[in-house]
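Structural characterization, general
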Amino acid sequence: METNLIESILEKETGLSGVVGKLSNIQPASFQSLLLDVLEKRADQVWIGDINSSLKTNPYVKRCEIDQKSFLKFDLLAYDLLPNQYQSIELSPLLPFSSNQLLADIDQKRIFSTTRNAEIVSDPTMALALHLAQARSESLKQNPKSVENVAMATSHRIIRQEKPKKSWYTTHFRNFTVWVTWRDTGFESFEKKYLEEHLTFFLRLIKKLNETREYNINHPVITLLNANKNKKESFEFIAQYLIEKLSVINPDLTISECSERNSNYYSSLWYSICAENKSGQIVNIAWWGFTDWTQKLLWSTKERLLVGSIGSEILAKLFTS
């Protein structure tokens, strides 16, 4: 609902002008108390029939159609293939309020905000970025020139406000996500290292999933993209390195290079991976790239962050035998 429409409804009901602006300026603790009181009164108006109806019609509360054991098997296989340096993290379902909007310029209306100055995780990459930055901050306290890298991974269920764009998408879904952060030492040495590490991990995961005979993931295509036109030479240098390395290891792999594509999410090089399922559908199943979130969190342009996610739920829905 548009803000001006909400404003007119509230003005009509309360007799106050500019009520949305006034409410937004209330101190967080007082605003939380106000919302809790309003929700308590609204809850008194709900009856059991409303709950049963919501369970049937509300897409945000419907259960996942994939058996939980399938996710557990996927996650164990993925963790077995990850290098030992990656910590497995169980995230909170909540993030500090406005994390997505401040770091990734994601409209707050797309995020489920709570009454407790927090928001529900709509992207685990954002959540882990906060924890990675915290870990890097501790290293920098001990040594201001620390180049120690921090790597984490998680499997997490995500929920988003927007209506799904594809028939196989749902409002809540599970991804397997990996991150690594470090301090730049020049020559794109770590950029090349971790991109190769992540892509190799993903390709090995596809192979292992297919070997279980429970999945059919065919003809993976990696598309390399650049979100920063000022880093064209850097992008081409890293892209060529990856093409040469991965083509030797996986001669049947298709790697395409797109010199430029805008992204509010990624800050420079990023890539997507598509594959074909047994029905011949071409589906995007993974995405990776560099963001500037740890630079913002740690106030340093030297910090680097590579994030990536694999659609474990998409694979279970569309690529199983």
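The following refers to the structure shown. (Residues numbered from 1 in each chain as written. Predicted model: local features only at pLDDT ≥ 70, side-chain atom pairs only at ≥ 80, totals over all residues. Heavy atoms only, no water.)

Some remarks on the overall build of the chain
Definition in use: Secondary structure is summarised from DSSP: a helix means a run of H or I of at least four residues, a strand means a run of E of at least two, and numbering begins at the N terminus for each. Partly exposed describes any residue whose relative accessible area lies between the buried limit of under 20% and the exposed limit of over 50%, with all areas from a 1.4 Å probe on protein chains only and scaled to the type maximum. Should any heavy atoms of two residues lie within 4.5 Å, those residues are considered in contact. Throughout, the Shrake-Rupley method with a 1.4 Å probe supplies accessible areas, and for residues the shown protein chains are the sole cover considered. None of His or the chain ends enter the tally, which takes Lys and Arg as positive and Asp and Glu as negative. Throughout, a charge is located at the NZ atom of Lys, the CZ atom of Arg, the CG atom of Asp or the CD atom of Glu.
Of the regular secondary structure elements, the chain holds eleven helices and ten strands. Each principal axis of the C-alpha atoms in the chain carries an extent, and together these give about 70 × 50 × 35 Å. The buried share of the chain, reckoned over its 321 residues, is 42%. At a minimum sequence separation of 6, the contacts of the chain that also span at least 24 residues come to 69%. Looking at the chain as shown, the accessible area adds up to about 18,200 Å², and 52% of this sits on carbon and sulfur atoms. Both charge centroids of the chain, one from 38 positive and one from 37 negative side chains, sit 2 Å from each other.

Considering the pattern of salt bridges
Counted only if it meets this: By convention in these notes, a salt bridge is any Lys or Arg side-chain nitrogen within 4 Å of a carboxyl oxygen on Asp or Glu.
What the rule picks out here adds up to twelve salt bridges. Across the pair Lys73 and Glu214 runs a salt bridge whose closest N-O atoms are separated by 2.8 Å. Highlighted residues: Lys73 in helix H5 (residues 68-81) and Glu214 in the loop between helix H8 (189-211) and strand S6 (218-226), separated in sequence by 141 residues. You can call Lys73 partly exposed: its relative accessible area is 47%.

What to know about unusual backbone geometry
One non-glycine residue, Asn117, adopts positive backbone phi at about 55°. As for its placement among the helices and strands, Asn117 is situated in the loop between helix H6 (99-104) and strand S3 (118-120). Since its relative accessible area comes to 43%, Asn117 is described here as partly exposed. Positive phi, close to 65°, is recorded for Arg213, a residue that is not glycine. By secondary structure assignment, the location of Arg213 is in the loop between H8 and S6.

Some words on the side chain of Asp75
Locating Asp75 in the fold gives a position in helix H5. One buried charged residue, Asp75, forms no salt bridge at all, with the nearest opposite charge on Arg174 at 4.6 Å. If we ignore the near neighbours within four places in the chain, the residues touching Asp75 are Ser155 and Phe176.

Considering the sheet that holds strand S8 (residues 269-276)
The cut-off we apply is this: Two strands qualify as a pair provided DSSP detects at least 2 bridges between them. Only the stretch in contact is used when fitting a helix axis, every axis being a line fitted to C-alpha atoms; angles between N-to-C directions are given from 0 to 180 degrees.
The strand order across the open sheet built from eight strands is S1-S4-S5-S10-S9-S8-S6-S7, with neighbouring strands paired in mixed fashion. Two strands close off the open sheet at either side, each with one partner strand: strand S1 (87-88) and strand S7 (254-257). Relative to S8, S6 is paired through seven bridges, and the arrangement is antiparallel. When the sheet's bridge partners are listed, Thr223 is paired in S8 with Ser272. H8 contacts strand S5 (172-183), S6, S8, strand S9 (282-291) and strand S10 (303-310) of the sheet and is inclined by roughly 150° relative to S5.

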